[in-house]
Each structure stands twice: as structure tokens, then as C-alpha cells.
Amino acid sequence: MTKLAVEASKLVKRFEGQRAVDGIDLAVPEGAIYGVLGPNGAGKTTTLRTLLGIIEPDEGWRRVLGEDKPMRAAPRIGYLPEERGLYPSMQAKEAIAFLGALRGMSLADGRRRAMQLLEEAGLGEAATKTIRQLSKGMAQTVQLLGTIVHRPKLLVLDEPFSGLDAINQQRLEGLIRAQVAEGATVLFSTHVIAHAERLCERISVIAKGRIRFDGTVAEARGRLPSRVSLVTRHPDGPWRAALPADTLADDRRFTFALPADGIEPVLEALIASGAGIEALSIERPSLHEAFVELVGEPVPQPETEEVAP
Ligand SMILES: Nc1ncnc2c1ncn2[C@@H]1O[C@H](COP(=O)(O)OP(=O)(O)OP(=O)(O)O)[C@@H](O)[C@H]1O
């Protein structure tokens, strides 16, 4: 059986009578990159804090790195909270060593490893700069290095990608993968599906404090049927009766969910009733579409520019 780095069963946390976490089960295998996805206010941060023992659950139990009291595992955990913050007047190297010291590392070891991590991240020159002298993205990277300085077995990262530009996001993905290659487990939260899609084998989707889905990215996508898009030679004709009932029409383009018995029966009926077909594509739903379906929220519309009268 796979060993689990994090386990939780029926976790409940209430704030002022409201259930921010409403019966969450979680099983994060050792060595996994595991994503907790959910919209704002879904309960991701509260779930992570409860798992770490920063918050005590009102109901349920959790086990982290084999400990029923998660704080006992603290020296083996690296945690990046959603609210970032380092002492502005501290040098980058010192800030990393300080975070290591909070997890039981000696300051001397912390400083040595901080230099090594900063060099590897291409930030060697920032080592003696104060946090206030760094850009927001650089400061965030420094905090992240402070999260891994003590070589944790479990990394818990709350929205680690937010506030980073594309290059720093890519760097962070590389760093997460490198940690896992060295034997760590990574549990992170995000509301940006693309990060989970690229990084995670398994995900949980949370909405309103409950798990809506738990499984692989492919399984999440499999929850929705593929979409068929068809372009015909003419916009109308008797052949339209052969299209499935859920078809959306836009001039000569018709889209519908791939029927359970495949596309062939529809195509045969269309051809037999005289439809000329110019283009046909069958596309798997994106993780974004699956996510929207799972959390039950409408797809955000692209912003439109106002047109001057
Ligand atoms: N300390 C607290 N006191 C009262 N309510 C809280 C507290 N912490 C969280 N909540 C509430 O619990 C719910 C879940 O919040 P949480 O921060 O866990 O969600 P989230 O998924 O991390 O959202 P976001 O991505 O916006 O941070 C929200 O309705 C929030 O207002």
C-alpha cells in the first residue's frame, strides 16, 4: 500500500457557526505533487492550516508525516502561508537562515544552505540585499527558499504562484519538481487551474468547504464529455433534425457533447439527410471546464472593451 504523507478524515472547522471546512477527507501519497483547487473562499487555507495544526479542527482527525499531532512533525515540514511576509530590514540570506532556525536548523547551517539555494535560484547577488531592496517576486522567492532550507519531507504551499510573473512561476514549478525528485511531498493550494494541470498527478477540488472531486487530472477531465464542433456547407436544411438536442448553433458551426455511442451515428444520419460537412473536430474538455463544472460556478466571460459612442 502507498504510504501517505497527509491523511485527513471528516475534518470540520467552524467560524462563527459557519462551516469553512465541512467534512473534508484527504489522502496525499508520499512523493506526490498534490493540488487543492478551489475558488476564493472555498476553504483551502483553512484546510491547510487545520492539517498543519495551526488551527484545531472542531471534528475529524488528521495525520501528517505519521503524527496525529501535526506540530510534532513541524521540523520536517516547510510551510508557505498565503500572507507573505519577511522582515523588511533583514538580508535575504539571513531571512532564509532565520526561517530554517524556526524549524530547528542552526543559523550557521542555515546561512550556508541559504547561499547555495540563492545561487541555484540565480539570486546570488541578492544574498546581502535587504528584503525591502528586492522586487516583490524576488522577496517571494526568498521566502520560498526559506520554506525549503531545512530540507523538509513535506512542503505545504498556500497559493504559491500568486504574485509571481511567468518566469518566476516557471522557476517555482522547477523548484517544486526538484524537491519531489529529492524525496519530498508537495501539497499546494491554487485557484489557477493551469498550475495544477501541469504539476499534479492528483488533485482535490474544494467548494464551500467540501470536496467536490478527488482523483487524477485525467479523471477530472473525464467527468465531462468531449465537445464536437461541426461546420456545414449551409446553415440550414432538413439534416438539422439529425443533430443532438443539446446542439448550439452559430451560423454554419454546430457544437454538442460527444454522444455516448460516439460520433458515427450522428455523422451517418447527417450525410444520409444531405448535410455537407466542411470541418469536424472532437476536443477533450480542458481542466478549466471540468473545474467550473465541479464547483458549479459559471465560466467567467472574457472582459470586453467598452466601445465609445
Ligand atoms: N479566522 C477566521 N474567522 C472567521 N472566518 C474565517 C476565518 N478564516 C477563514 N474564514 C472564512 O472561512 C471561509 C473559507 O476561507 P479560506 O480562507 O479557508 O478559503 P480559501 O479557499 O483559502 O480562499 P482564498 O483563496 O480566497 O484565500 C471564508 O468564508 C472565510 O471568510
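Computed from a predicted model, the values in this text were never measured in an experiment.

## Points about the pairing of strand S3 (residues 33-37)
Right, on to step 1. Counting buried residues along S3, five of its five residues qualify, which places the element largely inside the surrounding structure.
Right, on to step 2. Both faces of S3 are covered, namely the face carrying Ile-33, Gly-35 and Leu-37 and the face carrying Tyr-34 and Val-36.
Right, on to step 3. Note: S3 against strand S7 (residues 185-190), five bridges, orientation parallel. The residue of S7 that forms the bridge with Leu-37 is Thr-190.
Right, on to step 4. As judged from the four bridges shared by S3 and strand S8 (residues 202-207), these two strands associate in the parallel manner.

## Considerations on the domain arrangement of the protein chain
Right, on to step 1. Looking at the assigned domains, one finds that the protein chain contains domain 1 (4-221) and domain 2 (225-284).
Right, on to step 2. Centre-to-centre, using C-alpha coordinates, domain 1 lies 46 Å away from domain 2.

## Quick notes on the site of the ligand
Right, on to step 1. Inspection of the region around the ligand gives 13 residues, with Phe-15, Ala-20, Asn-40, Thr-45 and Thr-46 positioned closest.
Right, on to step 2. When grouped by side-chain class, the residues that make up the shell around the ligand number three nonpolar, seven polar and three charged.

## A closer look at the environment of Arg-112
Right, on to step 1. Position of Arg-112 among the secondary structure elements: in helix H3 (residues 107-120).
Right, on to step 2. The partly exposed category is assigned to Arg-112, around which 14 C-beta atoms lie within 10 Å.
Right, on to step 3. In this structure the C-alpha to C-alpha distance between Arg-112 and Ile-33, which are 79 residues apart in sequence, comes to 27 Å.

Quick notes on the rules
Residues numbered from 1 in each chain as written. Predicted model: local features only at pLDDT ≥ 70, side-chain atom pairs only at ≥ 80, totals over all residues. Buried ≥ 20, exposed ≤ 12 C-beta atoms within 10 Å, placed from the backbone. Helix = DSSP H or I, 4+ residues; strand = E, 2+ residues; numbered from the N terminus. Pairing = 2+ DSSP bridges. Domains from an automatic or database assignment. Near = placed C-beta within 6 Å. Nonpolar A, V, L, I, M, F, W, Y, C, P; charged D, E, K, R; others polar.

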